[in-house]
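Analysis of the macromolecular model
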Amino acid sequence: MQTSAELTRRRGPPPIFSVATSSRTPALSYLDAADELQTITISDLTKGKKAIIFAVPGAFTPTCSQKHLPGFVEKAGELKAKGVDTIACVSVNDAFVMKAWKEDLKIGDEVLMLSDGNGDFTRAIGVELDLSDKPVGLGVRSRRYALLAEDGVVKVLNLEEGGAFTFSSAEDMLKAL
């Protein structure tokens, strides 16, 4: 597998995944303001837009709750001022957990909280992180990453190793813009 630096320097769509057609992309889910379950594909989320999508290994986990997600909430205004239409957080948790996490952190509409409950999207793009053997038994989750997609084409991908948090922050995405 290539390093994040190698992937971010590539021209054209990176080899990790394509968001060109919604029929091939697994749906992600979220609970809307009326607590109705909604689904969306990354293709629909990025079509005709500039979007930042970042993934965390797990809702309510320390780094994700204290640094990664709050950083994107804090920098949402700056990211949107640079032309970003959508900021979305993806995690291999169910939509109910993602909503509870959003409420616990008192997040408004700055970041769309998306559930990849069965890990279908995570597997489809090849970013699984197996934490089954760890003491807390988190199972198979997603590696931490942040990406910039413009009209369905991935322009920047900062993919972390393991659960590291070194170059997938909101500040890193601001620099990439």
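Computed from a prediction, not measured in an experiment: that's the story for all the values here.

What about the nonpolar core?
- In this structure, Phe54, Leu69, Phe72, Cys89, Trp101 and Val111 are the most contacted members of the largest nonpolar core, which totals 24 residues.
- Only β3 (50–56), α3 (62–74), α4 (76–81), β4 (86–91), α5 (95–104), β8 (145–150) and α7 (170–176) provide two or more residues apiece to this core.
- One finds Ile40, Ala55, Phe121 and Val127 within the second-largest nonpolar core, a separate group that totals 18 residues.

Thoughts on the UniProt feature "active site" (unreviewed entry) in the protein
- Here, UniProt's "active site" (unreviewed entry) annotation points to Cys64.
- If you trace the backbone, Cys64 turns up in helix α3.
- Taking relative accessible area as the criterion, Cys64 reaches 1% and is therefore assigned buried.
- Leave out the neighbours within four places in its chain, and Cys64 touches Val56, Pro57, Gly58, Leu69, Pro70, Trp101 and Arg144.

What to know about the packing of aromatic side chains
- Enumeration according to the criterion identifies two aromatic pairs in this entry.
- Considering the side-chain rings of Phe54 and Phe72, the 4.0 Å spacing of their centres and the 10 degrees angle between planes classify their relative orientation as stacked. Taken together, the residues Phe54 in strand β3 and Phe72 in helix α3 connect sequence positions 18 residues apart.
- Under the relative-accessibility criterion, Phe72 is labelled buried at 0%.
- Seen in terms of ring centroids, Phe60 and Trp101 are 6.4 Å apart; in terms of plane orientation they differ by 45 degrees. Their pairing is tilted.

Considering the side chain of Arg141
- Looking at the element boundaries, Arg141 is found in strand β7 (residues 139–142).
- Despite its burial, Arg141 remains without a salt bridge, the nearest opposite charge being carried by Asp94 at 8.9 Å.
- Within the structure, Arg141 has its side chain in polar contact with the side chain of Asn93 (distance 3.5 Å).
- When residues no more than four places from it in sequence are discounted, the contact partners of Arg141 are Pro57, Gly58, Val92, Asn93, Thr122, Val127, Glu128, Leu129 and Leu131.

Some thoughts on the pairing of β8
- By the criterion of burial, β8 is predominantly enclosed, with five of the six residues buried.
- Across six bridges, the pairing between β3 and β8 is antiparallel. The partner of Lys50 across the bridge, within β8, is Glu150.
- Examined bridge by bridge, β8 and strand β9 (residues 153–159) share six bridges and lie antiparallel to one another. Along β9, the bridge assignment pairs Leu147 with Leu157.
- What sits between the antiparallel neighbours β8 and β9 is a turn of two residues, in which Asp151 has the positive phi angle 50 degrees.

The rules behind the values
- Residues numbered from 1 in each chain as written.
- Predicted model: local features only at pLDDT ≥ 70, side-chain atom pairs only at ≥ 80, totals over all residues.
- Heavy atoms only, no water.
- Core = buried A, V, L, I, M, F, W, Y, C linked by side-chain atoms within 4.5 Å.
- Buried < 20%, exposed > 50% of the residue type's maximum accessible area, 1.4 Å probe, protein only.
- Helix = DSSP H or I, 4+ residues; strand = E, 2+ residues; numbered from the N terminus.
- UniProt positions renumbered as here; feature names shortened; annotations may be inferred.
- Contact = heavy atoms within 4.5 Å.
- Phe/Tyr/Trp six-rings, centres within 6.5 Å; stacked < 30°, edge-to-face > 60°.
- Lys, Arg positive; Asp, Glu negative; His and termini not counted.
- Salt bridge = Lys/Arg side-chain N within 4 Å of Asp/Glu carboxyl O.
- Polar contact = N/O pair within 3.5 Å; in protein donor to acceptor, adjacent residues only side chain to side chain.
- Pairing = 2+ DSSP bridges.

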